[in-house]
Amino acid sequence: MKPAAQATLASAPMAVRRLAIATLTLACAAPVITRLSRIDGMRFDFYLVFERLFAFNDHLQSLAMLAALLVALACRPARDATARLAAWMGEHPLSTAGLAFFGLALGALFICRAHPLSMDEYVPWMQAHAFAKGRGVLHYPPELLDLIVPPSFQGSFVLVDHTSGAATSVYWPGMALLFTPLVAFNLGWCLNPAFGALTLLLLHRLTSDAAGDTRAGGWAMLAALASPQFTVSAMTWYAMPGELALNLLFLWLLLKPRLTHAFAAGLVGGLCLIMHNPVPHALMAAPCLAWLLLDRARWLRLLGVLAGYVPLGLGVGIGWWLLKSGFGDAAAGASTAMGVVDMLGRVFVWPDSDVLAARWQATWKIWIWACPGLLLLPLLPRPRPLVERLLLAAFVLTFVFYLFVRFDQGHGWGYRYIHPVWGALPVVAGLWLARAEAWPQQWGRVILAAGLLATPVFLWQTQASVDRTLSFRFEPEGAGDWVVFVSQATGYYRGDLVQNADSPSQRLVLISHGERADRTLMARHFPTAAEVMKDSRGSAWRLPAGSLSTTPHPQR
């Protein structure tokens, strides 16, 4: 650091000095923590994906954030440009959101390859194809069902009926319903960039209203765009970016004094409840509804919100759950009290060493995937407006809740379990920076500039990870229909590449059980097929055009 910068830091308020020192210390610690999480002798593709991303991707990305932080400290023009950009965003929120949508959509196409990489992303898209046909299920050839839907995913991601070959999503239907109009144009990749743009507008509105200053909204928007947790997630197919946008819209409407706004907040909350499961919105809604309940003058608004939940949250949500509990192979006992208890027992645990280790890594993910120090800003002492208090309460409640959840999240960029309430962090940043002067605001400019400078590394790493995963499946081109076998012997998570979102279609992707078994299957079911490609990834077989569309698909 230059002497002038040292003098400035020495003259800064004590709280900000501590913030800067803590940020620099944690930024230096993050690469060490991630590097130490590697397992000696473990092959890259045989790590569990949460641990693999933490040990390798997050290691390089934490180094990028540290380097960017040092550059931002040394480069005043970068800090000044950050301030000008925030001011422009504060004055032009619609233009900012429009440009962000364009950039995020390009990222969805070229970074994430317009591909639902994990089962959490793929299954709502699969379900949307069923809805687009006016049905609740897709039908596959029953004799091939266990090759089309990997058995390890049956019940956890996809419900199946082996008698009819029917398959449907285990998740609640909101995300799939939003995807449905996009199916005909194959534009599912556009949905989350649109949610990202909406999130930016809501961050601007909530923060500007709370501060009485549009500059606060500009800082909040820039804090989000400087954090890969926000930008990369908005390029994916996960439900969480939509839940973030809907949670912020819910809060914005809830804080309005009119009963019609309260009812509209309930409608938005109902949609958020059924996006993929009700927990992410319930954790956001809990402190908000408690706030309404604590003052009798707000009880009428509370009733309005609860009434708004009925059409989607209760009507569609519970109806969907009851329908799925009696579906196919999942019907036996799923709708009984014991079935519900068994399901809860598979999800919730008392935090043991494995869960605590996963949440330790998740905390570092929140740190690494935001602009440096953003996670520390809520610790600065100052008066907090209502919107900030409610968002922070939801953030803390969400983090604590997932201490009791068995899963480590699996795939995902950053810590996706926190994403539906992640908006708390840019709102805090916007409110603090709008009132900050002198060195405190200079420090704010440093951390946002660092996030912007480091983001290209996160995008490059994300694209490399997506490309590496997709490289393990053939992408045949040319005339005719295709059957593609995906080998399961090249590493973990190859089952995620077995995606058959539509049925019938011109391509059928199957699990490979080895060359001999695959050849036997093709001779039995597709005797006119010709093997065109084969290597360690599996094989690809060409069929005469229209062959797959004539494969019998029984109707339920």
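The structure this text deals with has already been given above.
To start, this report covers the structure provided alongside it. Nothing here was measured: the structure is a model prediction, and the numbers come from that model.

### Some thoughts on the packing of helix H2 (residues 14-36) against helix H3 (residues 49-74)
Okay, step 1: Running from amino to carboxyl end, H2 crosses H3 at an angle of 155°, the nearest separation of the two axes being 8 Å. Accordingly, the angle class assigned to the pair H2 and H3 is roughly antiparallel. The crossing of H2 and H3 is left-handed. Judged by residue contacts, Thr23, Leu24, Ala27, Cys28, Ala30, Pro31, Ile33, Thr34 and Arg35 of H2 engage Phe54, Ala55, Asp58, His59, Ser62, Leu63, Leu66, Leu69 and Leu73 from H3.
Okay, step 2: Classifying every residue of the contact of H2 with H3 by side-chain character gives 12 nonpolar, 4 polar and 2 charged.

### A look at helix H8 (residues 174-183)
Okay, step 1: For H8, a buried count of 7 out of 10 residues is recorded, marking the element as mostly surrounded by other parts of the structure.
Okay, step 2: Along H8, the residues that are buried comprise Gly174, Met175, Ala176, Phe179, Thr180, Leu182 and Val183.

### Structural notes on the packing of aromatic side chains
Okay, step 1: A complete count under the given rule lists 21 aromatic pairs for this structure.
Okay, step 2: Centroid distance Phe46 to Tyr492: 5.4 Å. Interplanar angle 70°. Geometry classified as edge-to-face. Within this pair, whereas Phe46 is found in the loop between H2 and H3, its partner Tyr492 is found in the loop between strand S4 (481-486) and strand S5 (507-511), the two being separated by 446 residues in sequence.
Okay, step 3: Residue Phe46 is classed as partly exposed on the basis of its relative accessible area, which comes to 24%.
Okay, step 4: Ring geometry for Phe401 against Tyr402: centres 5.2 Å apart, planes inclined by 85°, an arrangement best described as edge-to-face.
Okay, step 5: Look at Phe401 and you get partly exposed, because its relative accessible area is 23%.
Okay, step 6: Ring pairs connect the aromatic residues Phe348, Phe401, Tyr402, Tyr415 and Tyr417, which therefore count as one cluster.
Okay, step 7: Here Lys324 stacks its cationic end above the ring of Trp320, 4.1 Å away from the centre of that ring.
Okay, step 8: For Arg494, the ring lying beneath its charged end belongs to Phe472, and the centroid distance is 3.6 Å.

### Brief notes about the sheet that holds strand S7 (residues 538-543)
Okay, step 1: The mixed open sheet is built from 4 strands, whose spatial order is S5-S4-S7-S6. Two strands bound the open sheet, and with one partner strand each, they are S5 and strand S6 (530-535). With strand direction ignored, the average angle separating the axes of adjacent strands in the sheet is 15°.
Okay, step 2: Across 5 bridges, S6 lies against S7 in antiparallel orientation. Its bridge partner lying in S7, Asp535 is registered against Gly538.
Okay, step 3: Taken strand by strand, helix H22 (residues 515-525) contacts S4, S5, S6 and S7, and its axis lies near 155° from that of S4.

### Some details on helix H9 (residues 191-211)
Okay, step 1: End to end, H9 covers 30 Å across 21 residues, agreeing with the expected 30 Å (1.5 Å per residue, within 8%).
Okay, step 2: Counted residue by residue, H9 has 15 buried out of 21 residues, so it is predominantly covered.

### Things to note about the pairing of strand S3 (residues 166-169)
Okay, step 1: The side-chain alternation of S3 yields two buried faces, one formed by Ala166 and Thr168 and the other by Ala167 and Ser169.
Okay, step 2: Both strand S1 (residues 138-139) and S3 contribute to a ladder of 2 bridges, which runs antiparallel. Across the sheet, the residue bridging to Leu138 is Ala167, located in S3.
Okay, step 3: Alignment of strand S2 (residues 158-161) against S3, held across 4 bridges, turns out to be antiparallel. The partner of Val160 across the bridge, within S3, is Ala167.
Okay, step 4: Linking two consecutive strands that pair antiparallel, namely S2 and S3, is a turn of 4 residues; a positive phi of about 85° is found at Gly165 within it.

### A word on unusual backbone geometry
Okay, step 1: Cis rather than trans, the peptide bond between Ser503 and Pro504 has omega equal to 0°.
Okay, step 2: One can find Pro504 in the loop between S4 and S5.
Okay, step 3: Of note, Ala114 is a non-glycine position whose phi angle comes to about 50°, a positive value.
Okay, step 4: Phi at Asn186 takes a positive value of approximately 55°, unusual for a residue other than glycine.
Okay, step 5: Looking at the element boundaries, Asn186 is found in the loop between H8 and H9.

### Re the pattern of salt bridges
Okay, step 1: Tallying each qualifying case throughout the model produces 19 salt bridges.
Okay, step 2: Here Asp45 and Arg494 are joined by a salt bridge, their closest N and O atoms 3.4 Å apart. One end of the pair, Asp45, is in the loop between H2 and H3; the other, Arg494, is in the loop between S4 and S5, and 449 residues separate them in sequence.
Okay, step 3: Taking the relative accessible area as the measure of exposure, Asp45 reaches 10% and is therefore buried.
Okay, step 4: Taking relative accessible area as the criterion, Arg494 reaches 4% and is therefore assigned buried.
Okay, step 5: For Arg113, the salt bridge identified is with Asp467, shortest N-O distance 2.8 Å. Taken as a pair, Arg113 in the loop between helix H5 (93-110) and helix H6 (119-132) and Asp467 in helix H21 (residues 438-470) lie far apart in primary sequence, 354 residues in all.
Okay, step 6: We classify Arg113 as partly exposed; its relative accessible area is 32%.

Conventions and cut-offs
Residues numbered from 1 in each chain as written. Predicted model: local features only at pLDDT ≥ 70, side-chain atom pairs only at ≥ 80, totals over all residues. Heavy atoms only, no water. Axes fitted to C-alpha atoms, helices over the stretch in contact; angles between N-to-C directions. Helix = DSSP H or I, 4+ residues; strand = E, 2+ residues; numbered from the N terminus. Parallel < 35°, antiparallel > 145°, perpendicular 65-115°, else oblique. Left-handed = near helix turned anticlockwise from the far one by under 90°. Contact = heavy atoms within 4.5 Å. Nonpolar A, V, L, I, M, F, W, Y, C, P; charged D, E, K, R; others polar. Buried < 20%, exposed > 50% of the residue type's maximum accessible area, 1.4 Å probe, protein only. Phe/Tyr/Trp six-rings, centres within 6.5 Å; stacked < 30°, edge-to-face > 60°. Lys NZ or Arg CZ within 6 Å of the ring centre and 35° of its normal. Pairing = 2+ DSSP bridges. Expected span 1.5 Å × (residues − 1). Salt bridge = Lys/Arg side-chain N within 4 Å of Asp/Glu carboxyl O.

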